[in-house]
Amino acid sequence: MTIPFLDVGAATRELRAELDAACRRVLDGGWYVLGPEVEAFEREYADYCGVRDCVSVGNGLDALCLLLRAAGIGPGDEVIVPGHTFIATWLAVSAAGATPVAVDVDEATGNLDPALVGEAVTPRTAAIIPVHLYGQPAAMDAIRTVGRRHGLAVFEDAAQAHGALYRGKRAGGLGDAAAFSFYPTKNLGALGDGGAVTTDDAGLAERVRLLRNYGSRVK
């Protein structure tokens, strides 16, 4: 008997009727990139996370990278990241042209240690990216206190934390913005890949929308 390490088909089987109906809507509508189905998801997911905006993108790495670019972070800037995380957290900073600065994690949680974050801040630091590793939210209150003290943006890497709660508030609405992945193995996995940025900052959300679509607001 073969027991799969992860049965990604289980959720598909459970939701098959709904998924079949959604696929038919997309096929019948002929709109395969963005469009009304994506917009409906963005509205629902923003509401779920308790934020104003959700902007869908290609994958979790794109979400992080476009978020940094939309915030104007690039060459010459430093971004504080956990020393223990999936490589995409670091790669997004590098892809935006900035420099990742590793800070050690709390031994008990595996998440960014807020007591060490302040020591890593330099005049070039532009943002902090705490990661909610394995779905456990980082110590956001303490990290945001450090961010406010130094005038830094705090962007959540919430790729593994869909639905996670921190002091009664969902991941995705705990920082200035957040990046999600919908890779099939995530808590909320796509039939393929996907990502999203969630935020209450309307200007930031609009810049992410422009960046995901070659700078264009219209087709």
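The structure we're discussing is the one just above.
Residues numbered from 1 in each chain as written. Predicted model: local features only at pLDDT ≥ 70, side-chain atom pairs only at ≥ 80, totals over all residues. Heavy atoms only, no water.

Colleague: Looking at this structure, I do not really get the layout of surface pockets. What am I missing?
Modeller: Rolled over the atoms, a probe sized like a water molecule indicates the empty space that remains. The computed volume of the largest pocket comes to approximately 1,700 Å³. In terms of lining, the largest pocket is formed by 43 residues, of which the most central are Leu19, Phe41, Gly189, Ala190 and Leu191. Those elements that place two or more of their residues in the lining of the largest pocket are helix H1 (9-14), helix H2 (16-29), helix H3 (36-49), strand E1 (53-57) and helix H4 (60-70). Residue composition of the lining of the largest pocket, by class: 25 nonpolar, nine polar and nine charged. Within this model, the second largest pocket holds a volume of roughly 470 Å³. Together, 17 residues line the second largest pocket, and Leu34, Arg212, Asn213, Ser216 and Arg217 are the ones closest to its centre. Broken down by secondary-structure element, the contributors of at least two residues to the lining of the second largest pocket are H3 and helix H8 (202-212). In terms of residues, the lining of the second largest pocket owes the most to one element, H8, which gives four residues. For the lining of the second largest pocket, a count of residues per class yields seven nonpolar, three polar and seven charged. (1 Å grid on protein atoms, 1.4 Å probe; cavity = no way out; pocket = protein on both sides within 12 Å on 5 of 7 lines; lining within 4 Å. Points joined across faces, edges and corners; volume = space filled by probe spheres on them. Helix = DSSP H or I, 4+ residues; strand = E, 2+ residues; numbered from the N terminus. Nonpolar A, V, L, I, M, F, W, Y, C, P; charged D, E, K, R; others polar.)

Colleague: Which parts of the structure should I look at to understand the nonpolar core?
Modeller: Generally speaking, soluble globular proteins have nonpolar side chains that are buried together. Within the largest apolar cluster, 28 residues are counted, with the highest numbers of intra-cluster contacts made by Val117, Ile128 and Phe180. Of all the secondary-structure elements, those providing two or more residues to this core are H3, strand E3 (99-103), helix H6 (114-120), helix H7 (140-150) and strand E8 (177-181). The contact partners of Val117, leaving out residues within four places of it in the chain, are Ile80, Val103, Leu112, Ile128 and Val146. Core analysis: the next-biggest nonpolar cluster, separate from the first, contains 26 residues, Leu64, Ile73, Ala92 and Val93 among them. (Core = buried A, V, L, I, M, F, W, Y, C linked by side-chain atoms within 4.5 Å. Buried < 20%, exposed > 50% of the residue type's maximum accessible area, 1.4 Å probe, protein only. Contact = heavy atoms within 4.5 Å.)

Colleague: Is there a simple way to think about the packing of H4 against helix H5 (residues 87-95) in this case?
Modeller: Running from N to C, H4 and H5 cross one another at 40°; their axes reach a closest spacing of 8 Å. With respect to H5, the element H4 is oriented oblique. Relative to H5, H4 is oriented so that their crossing is right-handed. Listed contacts from H5 to Leu61, Leu64, Cys65 and Leu68 of H4 are Ala88, Thr89, Leu91, Ala92, Val93 and Ala95. Counted by class, the contact of H4 with H5 contains nine nonpolar, one polar and no charged residues. (Axes fitted to C-alpha atoms, helices over the stretch in contact; angles between N-to-C directions. Parallel < 35°, antiparallel > 145°, perpendicular 65-115°, else oblique. Left-handed = near helix turned anticlockwise from the far one by under 90°.)

Colleague: Even after reading the chapter, I still don't get the environment of Gly175, so can you show me in this structure?
Modeller: Along the polypeptide, Gly175 turns up in the loop between strand E7 (169-170) and E8. The class of Gly175 is buried, set by a relative accessible area of 17%. Along the backbone, Gly175 and Asp141 are 34 residues apart, and their C-alpha atoms lie at a distance of 9.3 Å. In this structure, Gly175 is in contact with Met140, Arg144, Val154 and Glu156, ignoring residues within four places of it in sequence.

These figures capture arrangement, not role.
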